[in-house]
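Here's the letter readout for the chains.
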Amino acid sequence: MTTTDMSMGKIIFYEDRNFQGRSYETSSDCADMSSYLSRCHSCRVESGCFMVYDRTNYMGNQFFVRRGEYSDYQRMGMSDCIRSCRMIPMHRGQFRMRIYERENFGGQMHELMDDCDNMMDRYRMNDCMSCNVMDGHWLMYEQPHFRGRMMYLRPGEYRSFRDMGMSGTRFMSMRRIMDSCY
């Protein structure tokens, strides 16, 4: 495999558990897999990193996948089958993100350049409702120590996690997505 192929990433989706049934292969984002597969219950990541979602248009429960085999969507924390996916591009360089206690960048603010396994312990912040990702790609988790439901953030402004369909979810830890998954 060439260097270019490795940096692209490649994932194969299967209709049934244990890599059975029809398959669909991609190296890019797919907002709605229903035009390729009637359902998706397993996947195999050949290279790269991806987020898979149980709703179309990158909505619903999210799960981070890297090179490996994922034989059953239910073990991945999906309530329904996989319906969309987003390829996470390789990032080299610094990581920077500002987290805010309230929506629209209000309240207490902290800037991160590395992983934070417990926001409450580190910053005495018990809620994070908006953020601005300046550099890199990040995963935010609802529980300390990178556990629970997660949300993928790429560079950009996120004024309200609630408006993104994450109401009721409090994020308590965050991790950089390093290029080690390529």
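Just above, that's the structure.
What you see is a predicted model; the values in this text were computed from it and never measured.

*Asks:* Mind showing me how you'd approach the overall build of the chain here?
*Replies:* Assigned secondary structure in the chain consists of two helices and 12 strands. Of the regular secondary structure in the chain, the N- to C-terminal order runs α-β-β-β-β-β-β-β-α-β-β-β-β-β. Compactness check: the chain gives a C-alpha radius of gyration of 17 Å against a globular reference of 16 Å for 182 residues, within 12% of the reference. Structurally, the chain occupies a C-alpha span of about 50 × 35 × 25 Å along its principal axes. Residue burial in the chain is summarised as follows: out of 182 residues, 48% are buried. Here the analysis covers contacts within the chain between residues at least 6 apart in sequence; of these, 66% occur between residues at least 24 apart. Of the roughly 8,900 Å² of accessible surface on the chain, a fraction of 41% belongs to carbon and sulfur atoms.

*Asks:* Explanation requested: the pattern of salt bridges in the structure shown.
*Replies:* Once the charged atoms of two side chains with opposite charge are near each other, the side chains can pair. Summed over the entire model, instances satisfying the criterion amount to 13 salt bridges. Glu111 is paired through a salt bridge with Arg98; the nearest N and O atoms lie 2.9 Å apart. Of this pair, Glu111 sits in strand β7 (residues 106–112) while Arg98 sits in strand β6 (residues 96–102), and the two are 13 residues apart along the sequence. Residue Glu111 is classed as partly exposed on the basis of its relative accessible area of 33%. Here Arg159 makes a salt bridge to Glu157, at a shortest N to O gap of 3.5 Å. Exposure remark for Arg159: the relative accessible area of 41% places this residue in the partly exposed category.

Conventions and cut-offs
Residues numbered from 1 in each chain as written. Predicted model: local features only at pLDDT ≥ 70, side-chain atom pairs only at ≥ 80, totals over all residues. Heavy atoms only, no water. Helix = DSSP H or I, 4+ residues; strand = E, 2+ residues; numbered from the N terminus. Rg over C-alpha atoms; globule rule 2.2 N^0.38 Å. Buried < 20%, exposed > 50% of the residue type's maximum accessible area, 1.4 Å probe, protein only. Contact = heavy atoms within 4.5 Å. Areas by Shrake-Rupley, 256 points an atom, 1.4 Å probe, with all protein chains shown as cover. Salt bridge = Lys/Arg side-chain N within 4 Å of Asp/Glu carboxyl O.

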